[in-house]
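# Observations on chain architecture
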Amino acid sequence: MPKVPGLIKGLGVTLGTLGRTVKDGANTVQYPHEKESPPIRARGVIALHEDNCTACMLCSRSCPDWCIYIEGHKQLAPPRRAGGKPRQVNHLDRFDIDYALCMYCGICVEVCPFDALFWSPEYEYSEPRIADLLHDKEKLGEWMETVPEAPELEAGAGK
């Protein structure tokens, strides 16, 4: 049997795919008119739970891109026990993430000892200007609403 030239073989594959697409329809989502839900545990943006943040700067220092900007100040808080002296606590003034620099590695989420940072599956946050990709703590707090609940632990994992 003679060899079929590569060009004719390639055109055959293309025409076969075209025939299947015409018969069965395309397998694409017509974004932005139709939106696909992201898979479970998808990494979109980093959301901030401001009440848990102590401005310890661990996430900022661990970030390889230096895209997290934190400012805070110390405040006096009431003592934990009656008769104790007032204690100093950090108060968060500024928490910004520059998504133009972020490489979405997730190190900041992993190193946070106070569970203040979470992955949100939100993926629609593009901006017309690159300077507008610097999001403040209010915007990061809004994304907390989209963070899914943590899945149940597997049997024996809690001990």
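Here, every reference points to the structure presented above.
Residues numbered from 1 in each chain as written. Predicted model: local features only at pLDDT ≥ 70, side-chain atom pairs only at ≥ 80, totals over all residues. Heavy atoms only, no water.

## A word on the overall build of the protein
A count of helical and extended segments in the protein gives 4 helices and 5 strands. Beginning at the N terminus, the succession of helices and strands in the protein can be written as α-β-α-β-β-α-β-β-α. In terms of overall size, the protein is more extended than a compact globule, its C-alpha atoms giving a radius of gyration of 25 Å where 159 residues would be expected to give roughly 15 Å. Taken along its principal axes, the extent of the C-alpha atoms in the protein is 95 × 45 × 30 Å. Put simply, the protein has 159 residues, and 23% of those count as buried. For the protein, contacts bridging at least 24 residues in sequence account for 71% of all contacts bridging at least 6. (Helix = DSSP H or I, 4+ residues; strand = E, 2+ residues; numbered from the N terminus. Rg over C-alpha atoms; globule rule 2.2 N^0.38 Å. Buried < 20%, exposed > 50% of the residue type's maximum accessible area, 1.4 Å probe, protein only. Contact = heavy atoms within 4.5 Å.)

## Quick notes on the side chain of Asp96
When you line up the elements, Asp96 lands in strand 3 (residues 87–98). Taking the relative accessible area as the measure of exposure, Asp96 reaches 9% and is therefore buried.

## Considerations on the sheet that holds strand 2 (residues 68–77)
The sheet built from 3 strands is open, its strands ordered 2-3-5 with antiparallel pairing. Among the strands making up the open sheet, the edge pair consists of strand 2 and strand 5 (134–135). As judged from the 2 bridges shared by strand 3 and strand 5, these two strands associate in the antiparallel manner. From the neighbouring strand, Ile97 faces strand 5, where its bridge partner is His135. (Pairing = 2+ DSSP bridges.)

## Notes on the side chain of Ser120
Mapped onto the secondary structure, Ser120 falls in strand 4 (residues 117–120). A relative accessible area of 0% places Ser120 in the buried class. Ignoring anything within four residues of it in the chain, the contact list for Ser120 reads Ala42, Arg43, Gly44, Val45, Ala47, Trp143, Thr146 and Val147.

## Side note on the nonpolar core
Counting 27 residues, the largest nonpolar core has Ile46, Leu48, Ile68, Phe95, Ile97, Tyr99 and Leu117 as its most contacted members. Those elements giving two or more residues to this core turn out to be strand 1 (45–48), strand 2, strand 3, helix 3 (107–111) and strand 4. Broken down by element, this core gets its largest block of residues, 4 residues, from strand 1. In contact with Ile68, other than residues within four places in its own chain, are Cys59, Ser60, Cys63, Phe95, Asp96, Ile97 and Cys108. (Core = buried A, V, L, I, M, F, W, Y, C linked by side-chain atoms within 4.5 Å.)

## As for the layout of surface pockets
There is about 570 Å³ of room inside the largest pocket. Along its surface, the largest pocket is lined by 16 residues, and Arg41, Trp119, Pro148, Ala150 and Pro151 are the ones closest to its centre. Its residues assigned to classes, the lining of the largest pocket comprises 12 nonpolar, no polar and 4 charged. (1 Å grid on protein atoms, 1.4 Å probe; cavity = no way out; pocket = protein on both sides within 12 Å on 5 of 7 lines; lining within 4 Å. Points joined across faces, edges and corners; volume = space filled by probe spheres on them. Nonpolar A, V, L, I, M, F, W, Y, C, P; charged D, E, K, R; others polar.)

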